[in-house]
Amino acid sequence: MSHYQQLPEGWAVTRLADIAWFGGGKTPSTENRTFWDNGTINWITSKDMKEPIIIDSKIKLSAIGASQSTIYPKGTLLIVTRSGILRRTLPLAITGKESAVNQDIKTVTTPFDGLTEYLYWYFTANENEILEKYQKDGTTVESIDFEKFQNIEVFLPPLEEQERITKQLKTLLQLIEAISSDSDRIKTAIERTKLKILELAMQGKLVPQNPNDEPAADMLRRINPKAKIITDNPHYPQLPENWVLTTIDSVCLYGNSKTIPVSDINAEDWILELEDMESYTGRLLQIKSKKERVISGSRHSFKSGDILFSRLRTYLNKVHLSTNRGFCSTEMIPITPFKCVVSEYLYYWLRSPFFIEYTISCGYGVKMPRLSTSDANKAIIPLPPLDEQKRIVETIQRFHDGFDRITNALN
């Protein structure tokens, strides 16, 4: 057995059956309520196998029900041997108190608590090999061949070293959990910072103003003589002098997209549904053509450069600037910017806290609130000069690129 030559001195190779004894469980009749009513004794199933130590179970046996079952002591190793989850993972746990188990679980009892803990980590470390080698053939539900598994070879260190190994593993796992928790906090802080950057950008506080820029009011009148100029609004008292307040319908075409029957859409055309877009970021989770979906009804058409805005539950902030043509859910509004506004600036405005708060305040419907087309078009947007819009967009993107690199490094 040359592959054992690298084991440390004092270690041994043994079979599980030589260091442990085994058991299993069953389900007392569910028709006999005396087995279950007012239960106080754990009856563990695979649904309870979510923590290394099981203190509590979803379902409990009464004293009468426990008399129909085997009660295993605290410190018993549990292995799920029959479950669909065995396709990808091997559920393991140790009882934290006396418990019974159902028929899908096998028990492993050893003379020492330290050995039981060591076996838990040993099997966890070898999970993939166990799932590959000990799966039972010819069963409709994935199963472990437990009779075969009882003879699995175990690399066994001295008892004191077993305890040192499990202690070190626990310490490392606690460190990993702490790092993961810190990562989540950092990611949350990054998302909040992104929103704060948008807030500052829409108040004219992100980049310096250039007095040589054409004032936004002059630019807006030149490009869209019908644009609404708002001279008095308490929500934006501190806007820079060369900015202007106007309405969404003055800077873009909102709510006038073509509605196309699904039967008229080509099989290869891109179909964008609400679930394809990630909440709060607008990132695309998947891109599918018509032939890859089972759909009916109709869809809105959109083109490259359009901004796709979800009018349903606007607080989810599903907004995407498209670089391709396609067709989207009718709950999504394609927005075509006019020449007075940079597409990316309008995209960031639609994702800003100011606009989201507005949409929430005037949304209709309780369970699935929506933003009406008329309310959307009446929304006020602060508009900088064109060149400043470009500087704002470049600055936001530079910040976001840096934050995205940090987020990717944490994943």
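Scroll up to find the structure.
Quick caveat: nothing in here was measured; it's all calculated off a predicted structure. (Residues numbered from 1 in each chain as written. Predicted model: local features only at pLDDT ≥ 70, side-chain atom pairs only at ≥ 80, totals over all residues. Heavy atoms only, no water.)

Chemist: I keep staring at the sheet that holds strand E16 (residues 298-302) and nothing clicks. Help me out?
Modeler: What holds strands together in a sheet is hydrogen bonding between their backbones, with the strands either parallel or antiparallel. Taking strand neighbours across the sheet as the criterion, the five strands line up as E13-E16-E19-E14-E15 in an open arrangement whose pairing is mixed. With one partner strand each, in any of the chains shown, strand E13 (259-261) and strand E15 (288-289) form the two edges of the open sheet. Alignment of E16 against strand E19 (residues 326-328), held across three bridges, turns out to be antiparallel. Counted as the bridge partner of Phe302 is Gly326 from E19. (Pairing = 2+ DSSP bridges. Helix = DSSP H or I, 4+ residues; strand = E, 2+ residues; numbered from the N terminus.)

Chemist: Help me out: how do you make sense of the packing of aromatic side chains in this one?
Modeler: Each aromatic ring pair is characterised by the separation of its centres together with the angle its planes make. All told, the structure shown has 17 aromatic pairs when counted by the stated rule. Where Tyr134 meets Phe149, the ring centres are 5.7 Å apart and the plane angle is 85 degrees; that geometry is what we call edge-to-face. Of this pair, Tyr134 sits in the loop between helix H3 (127-133) and helix H4 (146-149) while Phe149 sits in helix H4, and the two are 15 residues apart along the sequence. Phe149 gets classed as buried once you look at its relative accessible area, which sits at 1%. Between Trp270 and Phe302 the ring centres are 5.3 Å apart and the planes differ by 85 degrees, which places this aromatic pair in the edge-to-face class. Linking Trp270 in strand E14 (residues 270-272) with Phe302 in strand E16, this pair joins segments that are 32 residues apart in sequence. With relative accessibility at 10%, the residue Trp270 sits in the buried group. Members of the aromatic cluster, connected to one another through ring pairs, are Phe22, Tyr118, Tyr122, Phe123, Tyr134, Phe146, Phe149 and Phe155. (Phe/Tyr/Trp six-rings, centres within 6.5 Å; stacked < 30°, edge-to-face > 60°. Buried < 20%, exposed > 50% of the residue type's maximum accessible area, 1.4 Å probe, protein only.)

Chemist: I would appreciate a short explanation of the sheet that holds strand E18 (residues 319-321) in the present structure.
Modeler: The antiparallel open sheet is built from four strands, whose spatial order is E12-E20-E17-E18. Each edge of the open sheet is held by one strand with a lone partner, namely strand E12 (252-254) and E18. This sheet shows a mean twist of 20 degrees between the axes of neighbouring strands, independent of strand direction. Here three bridges tie E12 to strand E20 (residues 332-337), and the two strands are oriented antiparallel to one another. If you follow Cys252 over to E20, its bridge partner there is Pro337. (Axes fitted to C-alpha atoms, helices over the stretch in contact; angles between N-to-C directions.)

Chemist: Mind showing me how you'd approach helix H8 (residues 343-350) here?
Modeler: Count 3.6 residues to each turn of an α-helix, and residues three or four apart come out pointing the same way. Across the eight residues of H8, six count as buried, placing the element largely inside the fold. If you check which residues of H8 are buried, you get Tyr345, Leu346, Tyr347, Tyr348, Trp349 and Leu350.

Chemist: Hey, could you run me through the pattern of salt bridges in this one?
Modeler: Oppositely charged side chains may form a pair once their charged atoms are brought near each other. A full pass over the atoms with the stated rule returns 21 salt bridges. Between Glu214 and Arg222 there is a salt bridge, and its shortest N-O distance comes to 2.9 Å. For Glu214, a relative accessible area of 34% translates into the label partly exposed. Using a relative accessible area of 52% as the deciding quantity, one classes Arg222 as exposed. The salt bridge partner of Arg325 is Asp269, with a shortest N-O separation of 3.2 Å. Remark: Asp269 occurs in the loop between E13 and E14 and Arg325 occurs in the loop between E18 and E19; sequence separation between them is 56 residues. For Asp269, a relative accessible area of 10% translates into the label buried. (Salt bridge = Lys/Arg side-chain N within 4 Å of Asp/Glu carboxyl O.)

Chemist: Would you take a moment to explain the environment of Gln162 for this structure?
Modeler: Examined against the element boundaries, Gln162 turns out to sit in helix H5 (residues 159-201). Judged by its relative accessible area of 3%, Gln162 is buried. Gln162 sits 45 residues away from Glu117 along the chain, and the two C-alpha atoms are 8.4 Å apart. What Gln162 contacts, discounting residues up to four positions off in sequence, is Gly114, Leu115, Tyr118, Leu156 and Pro157. (Contact = heavy atoms within 4.5 Å.)

Scope: geometric values only; no functional claims are made or implied.
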